[in-house]
Amino acid sequence: MRFAARSDVGRIRSKNDDSAYAGRHLAVVADGMGGHAGGDVASAATVLDMIHLDRGGYHGDAGTVLADEIQTANSLLSELVHQNPKLAGMGTTVTALLLAEGKLHFAHIGDSRAYRLRDGEFKQVSVDHTFVQRLIDEGRLRPEEAETHPHKNVLMRVLGDVDASPELDLDTLDVRPGDRWLLCSDGLNYVAGHAVERTVRETKNLRECVETLVDLTLEAGSPDNVTVIMVEIVEETPDDVSTAAVEVIPSTGAALAAAAAARKNSPPEDRNTAAGDDADPDSKEAKNAEGSSQDADGTPSAQAGATDPHLGEHLSAEVLREELASRPHELVGAAAAAAESGSIPTIAGRTVARRAATLLTHRAEQPANDAEDNLVPLKPRRWVTWAIAASVLVALTAGLWLGYAWTQTRYYVGEHDSRVAIFNGVSQRLGPIGLSSLETVTEIRMDSLPPFSQQRVRQTVPANDLYDAQRIVKNLELTGTTSPEQDCPTPSPSPAASTPAPAPTDSAVAAPAPDAAPAPAGPSPSPSPSVTCEAVQ
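Note that this is a predicted model, so its numbers are computed, not measured.

> What am I meant to see in the side chain of Ser 43 here?
Along the chain, Ser 43 turns up in helix 1 (residues 39–50). In contact with Ser 43, not counting residues within four places along its chain, are Asp 17, Asp 18, Ser 19, Ala 30, Gly 32, Thr 92 and Ala 334.

Below you can see the structure in the form of structure tokens.
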């Protein structure tokens, strides 16, 4: 891939929630949502977790690897929310291209877009996962009405802390030299489609093309962040670095080797590094990264991480700089700001830090000492190993049984055969094993419910017990909502009666309602909590 990328905060927003990365094999755009809570955190965490995919060779199917990595990024967002509840409700779109083994692997969720120009045909490849797009697909709304629809930014699918395994659009596409791809956040939608197409067709220089598209967005008022990546597929050359549209950033591997001899003489003030610069081996991060090396006398050197409570953070920053400096790329938006500041949103012991550990264990082997060659390895006691394995197996079996037993004490309301039904268990699966069973199918048809309630039921409504589930069903039958006290009110009728009620906006996807308790018989001494269906990005 040849590539160019640009991101801009726009005319109105105070911060940039978009992130993007473009390299020789990977291009990804993420549009974060959640407002002040953490849209930038969501997009930056997702993009930085995926940059290691920018390579051409994979042992398995590259498309599966891409999908798995996006699901891993989704679980990372859930862990970040668990670690910091103030980030609850954050999420991000993802639109990605991975070029591997002569195929282009495509993954998409949300309303960022991917367009392809091939043989003179400019075509949108991605499908928006929005409320209005669903109305268009169902024939209830004309495409030209979508841009002015009041709920055009309502998202149906995103990454975030709502769904443990969100549904992705995945495809493997043939690739031809000369293909041009445009990846963009929805901020570019404020530019007329014909203007976008004309710019992509007529502007041959990729850098000039992204600059023009962003400038057009700013001239249109740009009420949202805007991020644009242009990619062109070209024939691979012997020096494939030349296929990039940016200058090559020197690899830190050579810099580490060259600086190793002089590191003891290096003054402390010269040891700081910035993201993307050559890493200094005497920095704290580099010391941690070199913890597996030995001193000149053959004694294993002390590892700073052994007593350093922030080891995971140092390893994350170090491996991120290693990866970014090892190949041509462009990193823009919130992800670039996180890389430059070192404020990398990650969980210690996983994601980037986990890959750092892998990188460290696969460094070039050090010369072995004679003393080490003469050491005779101790034979492990087999019975101890078997005993530990048996204990772990028993504990795992007991834990799984107890977990399954607990799930059978739970109930939820969902959909079965286009009707509202009560299920015993939880709505997840453990591999091929379902953790729920059908309890009762009611006479309430799904199409008789308001659109918002249909969405809630399809996403499943948890209940404390069977009585609670029956109460939720009764509320659906009488009021069309899962709970009068917790769900959003049904909008009043209007002339446009065929237009469904709004779903979650692109700043947040409506999360499943918390367990509802029976309403008290008498008046409540304090106001009941309310749930906001829509949040502004």
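> What's the story with the packing of aromatic side chains in this structure? I'm lost.
Any two aromatic rings considered together are summarised by their centre-to-centre distance and by the angle between their planes. In total, this model carries two aromatic pairs according to the counting rule given. The interplanar angle of 5° and the centroid separation of 5.2 Å between the aromatic rings of Tyr 115 and Phe 122 together place this pair among those described as stacked. Each member of the pair Tyr 115 and Phe 122 is classed as buried. Between the aromatic rings of Tyr 412 and Phe 423, the centroid separation amounts to 5.0 Å while the plane-to-plane angle is 10°, which identifies the pairing as stacked. Residue Tyr 412 is found in strand 14 (residues 411–416), and its partner Phe 423 is found in strand 15 (residues 419–430); the two are separated by eleven residues along the sequence. Taken individually, Tyr 412 and Phe 423 each receive the classification buried, so the pair is uniform in this respect.

> Help me understand the pattern of salt bridges, please; the structure alone is not making it clear to me.
If the charged atoms of two oppositely charged side chains come close together, the side chains can form a pair. What the rule picks out here adds up to 24 salt bridges. Across the salt bridge formed by Glu 211 and Arg 6, the nearest N and O atoms sit 2.7 Å from each other. Here Arg 6 lies in strand 1 (residues 2–8) and Glu 211 lies in helix 6 (residues 206–219), a separation of 205 residues in the sequence. For Arg 6, a relative accessible area of 17% corresponds to the buried category. With its nearest N and O atoms 3.2 Å apart, the salt bridge here joins Glu 415 to Arg 458. Taken together, the residues Glu 415 in strand 14 and Arg 458 in helix 14 (residues 451–458) connect sequence positions 43 residues apart. Classification of Glu 415 as partly exposed rests on a relative accessible area of 31%. In this structure, a network of salt bridges that share partners links the residues Arg 6, Asp 8, Arg 207, Glu 211, Asp 215 and Glu 330.

> How should I be thinking about the sheet that holds strand 14 in this particular structure?
Within a sheet, adjacent strands bond to each other through the backbone by hydrogen bonds, running parallel or antiparallel. Spatial strand order, 16-15-14-17: four strands in an open sheet with antiparallel pairing. The open sheet has two free edges, formed respectively by strand 16 (433–445) and strand 17 (461–463), since each of these has just one partner strand. Here the average twist between neighbouring strands, direction ignored, is 40°. Contacting strand 14 and strand 17, helix 14 crosses the sheet at an angle of about 115° to strand 14.

> Help me understand the sheet that holds strand 8 (residues 121–124), please; the structure alone is not making it clear to me.
The five strands lie next to each other as 1-12-11-7-8, forming an open sheet whose pairing is antiparallel. Both outer strands of the open sheet, strand 1 and strand 8, are each paired with one neighbouring strand and no more. Within this sheet the neighbouring strands show an average axis-to-axis angle of 15°, counted without direction. Two elements, strand 11 (residues 180–184) and strand 12 (residues 226–232), share five bridges in a ladder whose sense is antiparallel. Bridging across to strand 12, Arg 180 finds its partner in Glu 232. Packed on one face of the sheet, helix 5 (residues 193–202) meets strand 7 (113–118), strand 8, strand 11 and strand 12 and runs near 130° to strand 8.

> Help me out: how do you make sense of the pairing of strand 7 in this one?
On any regular strand, side chains alternate: one points to one face of the sheet, the next to the other face. Most of strand 7 sits inside the fold, with six of its six residues counted as buried. The side-chain alternation of strand 7 yields two buried faces, one formed by Arg 113, Tyr 115 and Leu 117 and the other by Ala 114, Arg 116 and Arg 118. When strand 7 meets strand 11, the two strands line up antiparallel, connected through five bridges. Bridge pairing links Arg 116 to Trp 181 in strand 11.

> Just to check I follow, could you spell out helix 15 (residues 466–479) for this structure?
Because an α-helix packs 3.6 residues into every turn, residues spaced three or four apart end up facing the same way. With 14 residues, helix 15 ought to run about 20 Å at 1.5 Å a step, and its terminal C-alpha atoms sit 20 Å apart, in line with that. Regarding helix 15, the residues found buried are Asp 468, Ala 469, Arg 471, Ile 472, Val 473, Asn 475 and Leu 476. Buried residues in helix 15 make contact with strand 14, strand 15, strand 16, helix 14 and strand 17. Looking one or two residues past helix 15, Gly 480 carries a phi angle of roughly 80°, positive in sign.

> How should I be thinking about a nonpolar patch on the surface in this particular structure?
Among the surface-exposed residues, Leu 396, Leu 400, Leu 430 and Ile 433 lie close enough to one another that they form a single nonpolar patch of about 390 Å² accessible area. Take Leu 430: it is sitting in strand 15. Classification of Leu 430 by relative accessible area gives partly exposed; the value is 47%.

What counts, and at which threshold
- Along each chain, the written sequence defines residue order, and numbers are assigned to residues from 1.
- Confidence filtering applies because this is a predicted model: local features only for residues at pLDDT of at least 70, side-chain atom pairs given and counted only at 80 or more, and all residues used for totals across whole chains, interfaces and linings.
- Think of the side-chain values as coming from all heavy atoms in the structure, minus any hydrogens and water.
- The numbering of helices and of strands both runs from the N terminus, where a helix is a DSSP run of H or I of at least 4 residues and a strand a run of E of at least 2.
- By the convention used here, residues are in contact when the closest approach between their heavy atoms is within 4.5 Å.
- Here a Phe, Tyr or Trp ring, Trp counted by its six-membered ring, pairs with any other such ring whose centre lies within 6.5 Å, and the pair is stacked when the planes are under 30 degrees apart, edge-to-face when over 60, and tilted otherwise.
- Exposure is judged per residue with a 1.4 Å probe applied to protein chains only, and the accessible area is read against the type maximum: over 50% gives exposed, under 20% gives buried, and values in between give partly exposed.
- Salt bridge criterion: a side-chain nitrogen from Lys or Arg within 4 Å of a carboxyl oxygen from Asp or Glu.
- Pairing between two strands is assigned when DSSP locates at least 2 bridges connecting them.
- Lines fitted to C-alpha atoms define the axes here, with helix axes fitted over just the stretch in contact, and angles between the N-to-C directions of these axes take values from 0 to 180 degrees.
- Helix span, as expected, comes to 1.5 Å for every residue beyond the first.
- Patch membership needs two things, relative accessible area over 30% and no salt bridge, and members are linked within 9 Å if like-charged or within 5 Å if nonpolar (Val, Leu, Ile, Met, Phe, Trp, Tyr).
- Working definition of accessibility: Shrake-Rupley area with a 1.4 Å probe, residue cover restricted to the visible protein chains.

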